[in-house]
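Observations on the three-dimensional arrangement
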Amino acid sequence: MIPQIDAVSMLLLIKYMRRIGRYTISKLTGLGEGKVRRFLQQLVNSGLAQTTRGGTALTEHGLQYLNETLSRLNVLHIVILNNFPLASTKYTTLFYCTDLTHVLSRYCLEERDVAIRYGADGAVLMLVGRNGRISIPGVCSDLSAYSRPTYNIVSTYLRTGTDLVIATFSNNIYGAIRGGVALLYHLNAKLRELGESA
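1. A closer look at the sheet that holds strand β5 (residues 122–128)
Pairing within the open sheet is antiparallel, and its 5 strands lie in the order β3-β4-β7-β5-β6. Two strands close off the open sheet at either side, each with one partner strand: β3 (75–82) and β6 (134–135). Looking at chain direction, β5 and β6 are connected through 2 bridges and run antiparallel. Pairing of V128 across the sheet is with I134, part of β6.

2. Topic: a positive patch on the surface
Residues R22, K35, R37 and R38 make up a contiguous surface patch of positive charge. By secondary structure assignment, the location of K35 is in helix α3 (residues 33–45).

3. Quick look at the pattern of salt bridges
By the definition in use, this model includes 5 salt bridges. Taking the shortest distance from any N to any O, the salt bridge between E111 and K190 comes out at 3.7 Å. A residue pair is termed long-range when its members are at least 10 positions apart, and E111 in helix α5 (residues 109–117) and K190 in helix α8 (residues 173–197) qualify at 79 residues. A salt bridge links D142 to R133; its shortest N-O distance comes to 3.8 Å. A residue is classified by how much of its surface remains accessible, and R133, at 43% relative accessible area, is partly exposed.

4. Section: the pairing of β5
Burial analysis of β5 places 6 of its 7 residues in the buried class, the great majority of the element. Of the pairings in the sheet, the one linking β5 to strand β7 (residues 164–170) comprises 6 bridges and is antiparallel in character. Counted as the bridge partner of L127 is L164 from β7. The hairpin formed by β5 and β6 contains 5 residues between the paired strands, and G132 there has a positive phi angle of roughly 90°.

What counts and what doesn't
- As a convention, each chain's residues are numbered from 1 in the sequence order in which they are written.
- Selection of residues for local features in this predicted model requires a pLDDT of at least 70, selection of side-chain atom pairs for listing and counting requires 80 or more, and totals for whole chains, interfaces and linings are taken over all residues.
- Side-chain measures here rest on the full set of heavy atoms in the structure, leaving out hydrogens and waters.
- Pairing between strands is defined by DSSP: at least two bridges between them are needed.
- Comment: elements are numbered from the N terminus, with helices defined as DSSP H or I runs of at least four residues and strands as E runs of at least two.
- A patch consists of residues exposed above 30% relative accessible area that lack any salt bridge, with like charges linked at up to 9 Å and nonpolar side chains (Val, Leu, Ile, Met, Phe, Trp, Tyr) linked at up to 5 Å.
- A 1.4 Å probe and the Shrake-Rupley method give the accessible areas. Residues count as covered only by the protein chains that appear here.
- The term salt bridge refers to a side-chain nitrogen of Lys or Arg lying within 4 Å of a carboxyl oxygen of Asp or Glu.
- We score Asp and Glu as negative and Lys and Arg as positive, and we do not count His or the chain ends.
- The atom standing in for a charge is NZ when the residue is Lys, CZ when it is Arg, CG when it is Asp and CD when it is Glu.
- Summary of the burial criterion: residues with accessible area below 20% of their type's maximum are buried, those above 50% are exposed, and those between are partly exposed, where the area comes from a 1.4 Å probe applied to protein chains only.

If you want it as C-alpha cells, here you go:
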C-alpha cells in the first residue's frame, strides 16, 4: 500500500509531466526503478494511472481522485515553477489554500521543517489578507515592497478565497511537490485536532 503523501505526490508529478516513464520518475524521485515499477503498478491497479510504451499518465479517475483529495486538503490551485525569485533552487511548487491560516505556528518554522523532512529544500508560507496584501510571517508585512518579482508571480495565480500560499522549493521537482503535500497533510491534521477539541 502506498502512503497517502507519496500517492498524492506521485499523482501530482505525473499530472505535471503529463506522461512520464519509469526511468525519469526514478531519476526525479531518487527511488529505484523496481520500487517505481511497484508504485506505478499500484496506481494502475487502483485505476488512477495507465501505463503504455510512452510512459505513465493519469486516468480520468486519477485526475478526479487527485482533484477531490486536494480539495479536501483545502487547496484551490497549484502552480509548479522554475526559478522562483525567493528560492535559489530549480523548482518551486505554489499551493494556493484556504481556511488553514489559523493553525499555523507563529513564524511558520514548524511548517517549514515538515516540508524539509519530506524532501523540500525549504518552504515559505505567505498569508493573503482580505485586501490582497501578501505577507510572510517573521519576514515582511508587504511582499510587494519586499520582493516585487515574487509578489508579481504569486499574485498572478491568486484565486478568490485564497488566504495562504505555500511555496516549497527544491532542486528536485519531486522534493518540492512531496514537501508541500506533506505540509498540507500536517496542517489539515492540526485543523482536525482543533475541530475535535472545540
